[in-house]
Amino acid sequence: MPDIIQLLPDNIANQIAAGEVIQRPASAVKELLENAVDAGATEIRLIVQDAGKALIQVTDNGKGMSETDARMAFERHATSKISNIDDLFRIRTMGFRGEALASIAAVAQVTVKTRRAEDEVGTYIEIDNSVVRKQEPVAMTIGTNVAMKNVFFNVPARRNFLKSNASEMKHIVDEFIRVAMAFPQVFFSLTGNNNQEVFHLERGTLKQRIVQVLGSQYNARLVTVQEQTDYLNIYGFVGKPETAKKTRGDQYFFVNNRFIRSAYLNHAVMSAYQDIIATDSFPAYVLFIDLDPSQIDINVHPTKQEIKFEDEKIVYAFAQAAVKHALAQFSVTPTLEFDLDPDIQQLDALNKPFTEDKQAAASSSELFRNFTQKNQAHFIQPTNKSELKNWKDFYDPAAQQSESPGAPRFESLLDKIKSVDPGDGAMGQRASAIGQPLTWIPEAPLTQLHATYIIASTNRGFILVHQQLAHERVLYDRFNEALKGKAMATQRSLFPATLQLATQDAVLLADLLADLHLLGYEVEPFGKDSFVIQGTPADLPPGNEKLAIESLLEQFKHFSSDPRFSKREKMLRAMAYQRSVKPGRPLSKEEMHDMLSDLFNSPQPNTTANGNPTYIEFKWEYLNNLFNR
Ligand code: ADP
Ligand code: MG
């Protein structure tokens, strides 16, 4: 038998490695923007064509590269940013793994032009599939220009996996915003197809940058967070309670200027808002934590969005305290007290941190003293696992049970009934397997209770129907049919309304137009970030088309990070929820009748798409039992 193991050729090895770093055009955008920032640029321009599939080009006025470095930069593990393992714990730059350019060159056709201040001319290099095709001098201004064309041209499997342009563009905009937000002292622009400038962000303060990016609705609605300790600094802005939205859209955490996702830190901020905003709403925040790089490990994942803190609890405590302090100082919450929970004082983080002097420094800080003056507890720490889990779920949809957004929670009622249920199971879902199937008796009268529940007679007793959840099921089925091709009727508007959206939302809506059309909405793009609403579903009362679309988008975003659902599924659920009759709405006899007959025509009448019960069944045996009959 011949030997069978062989080394992979470089370009194949690079292509495989590239998979981790460059998953989609947006990953290349992130890497190239970060390289420009690391090069000290003050002006960074991004041009994308065909949502990055055809071209991603970043031009900066940073320090440039020498002729040799320009070529070296494309080797795997080539970096100017660290040279030994200790440097890894002193990282102040965005990059350090030396993988980005090598990965980009492995999966695309790349050209680079670069020139340093001390050089007369610059260098031009052309590489594709990891092979240098051309290198020659070029006349140019100081800085670097990297263009990446036809991403994945040589990896068709990956190219085929790319999503629609609208959806890839949304990822690009997200990455662009994360970098632009962290560096307000740098000018950024983003130009899309047909030379359309999507973002033009002048240099300015952090606050100006936030308002430029997230929208002027935040003007005068941001509270400054600013705390300095020897261990870490926290600064940035949090939204006043009235800016809290039903979706987690505008929440950004940066650690040493790097955008990160952290359910744990998110929980710290959310708990500072406890009692001042509704439990199912989300405040905006843009917070920066700066701390000694040796206290964090950003090497956890190639895209560096996850980091580990040496001491998570102390970061949590300070983040929460800083936000509480800010909210209180600006009299947003005049009654807040500044007390550090005695439990927290017992934490290892505060008692035996990193070094003795660091601990001394941390606990003598202004902030810490403020929070330890009194001894009562107002400081919530997620020691309670289940509480933390809820926050984690937003990030870890796999752990998330399906639930209907915003719908009243049913569990408590369900649990009560379970606990009094003498055993045979009063609930339709459990009981329907036994005996005859449940049928609704359409001739019997219907009663609405508290404008929320409907009582309906069945062959085995009665059911208590939750009007909103039942309606969600009915609408979900109806819209599902529509998306399969039975388009819904549209009512053309006499006075088409125009809709002006934030750029992120506009990108999202653009992606939904085709499906919206099937559902009876005729919405057309109308210049930058604007749309005209030409028509709405015929069964929708006219008058608040704009509001309907806006709240649909909000609702859609609820699901938008959930990888379990396709775009259509998210849209279906969002639309069913949004159009459903909410508790508190009185229903006529006909409306109730129609709803129930639609419900019992559904292939799955007893739950919503999200898995909530639409009704609860009370069987004769059970009722009789309660009365000792
Ligand atoms: P990393 O950023 O992790 O070092 P990259 O592959 O992104 O790795 O870049 C490799 C090297 O190329 C960088 O360390 C830097 O020296 C150089 N480089 C990349 N982009 C630029 C740029 N826009 N301006 C100047 N130098 C750059
Ligand atoms: Mg880099």
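Above this text is the structure in question.
Definitions and cut-offs
Residues numbered from 1 in each chain as written. Chains lettered and ligands numbered in written order. Predicted model: local features only at pLDDT ≥ 70, side-chain atom pairs only at ≥ 80, totals over all residues. Heavy atoms only, no water. Helix = DSSP H or I, 4+ residues; strand = E, 2+ residues; numbered from the N terminus. Buried < 20%, exposed > 50% of the residue type's maximum accessible area, 1.4 Å probe, protein only. Pairing = 2+ DSSP bridges. Axes fitted to C-alpha atoms, helices over the stretch in contact; angles between N-to-C directions. Near = heavy atom within 4 Å. Polar contact = N/O pair within 3.5 Å; in protein donor to acceptor, adjacent residues only side chain to side chain. Areas by Shrake-Rupley, 256 points an atom, 1.4 Å probe, with all protein chains shown as cover. Nonpolar A, V, L, I, M, F, W, Y, C, P; charged D, E, K, R; others polar. Phe/Tyr/Trp six-rings, centres within 6.5 Å; stacked < 30°, edge-to-face > 60°.

What is the right way to look at the side chain of Thr 191 in this model?
Relative to the elements of secondary structure, Thr 191 occurs in strand β7 (residues 187-191). Assessed through its relative accessible area of 11%, Thr 191 is described here as buried.

Any chance you could explain the sheet that holds strand β12 (residues 258-260) here in plain terms?
The pairing of strands in a sheet comes from backbone hydrogen bonds and takes either a parallel or an antiparallel form. Pairing is mixed in the open sheet, where five strands are placed in the order β9-β10-β13-β11-β12. Unpaired on one side and paired on the other, β9 (222-228) and β12 mark the two borders of the sheet. Strand-to-strand twist of the sheet, defined as the mean angle between neighbouring strand axes without regard to direction, takes the value 20°. Alignment of strand β10 (residues 232-239) against strand β13 (residues 285-291), held across seven bridges, turns out to be antiparallel. Residue pairing in the sheet places Gly 236 in a bridge with Leu 287 of β13.

Please explain the site of ligand 1 as it appears in this structure.
Neighbouring residues of ligand 1: 18 residues in total, closest Asn 35, Thr 79, Ser 80, Lys 81 and Gly 98. The separation between a nitrogen atom of ligand 1 and a polar side-chain atom of Asp 60 is 2.8 Å. Contact distances for ligand 1 include 2.9 Å between an oxygen atom and a backbone N or O atom of Leu 101. When the free accessible area of ligand 1 is taken as 530 Å², the share hidden by the protein chains comes to 93%. Along the lines of polarity and charge, the residues of the shell around ligand 1 split into seven nonpolar, seven polar and four charged.

What is the right way to look at helix α7 (residues 206-214) in this model?
Note on helix geometry: an α-helix contains 3.6 residues per turn, so any two residues three or four positions apart are oriented the same way. Of the residues making up α7, those classed as buried are Leu 206, Arg 209, Ile 210, Val 211, Val 213 and Leu 214. Downstream of α7 by one or two residues, Gly 215 has phi in the positive range, about 115°.

Can you walk me through the packing of aromatic side chains in this structure?
The way to describe two aromatic rings as a pair is by their centre distance and the angle between their planes. Within this structure, the stated rule accounts for 13 aromatic pairs. Ring centres 5.2 Å apart and planes at 5° place the aromatic pair Tyr 235 and Phe 288 in the stacked group. Pair noted here: Tyr 235 is in strand β10 and Phe 288 is in strand β13, with a separation of 53 residues, a long-range link. Following the ring pairs from residue to residue traces out a cluster consisting of Tyr 235, Tyr 252, Phe 254, Phe 259 and Phe 288.

Interpretation in functional terms is not warranted from these geometric data alone.
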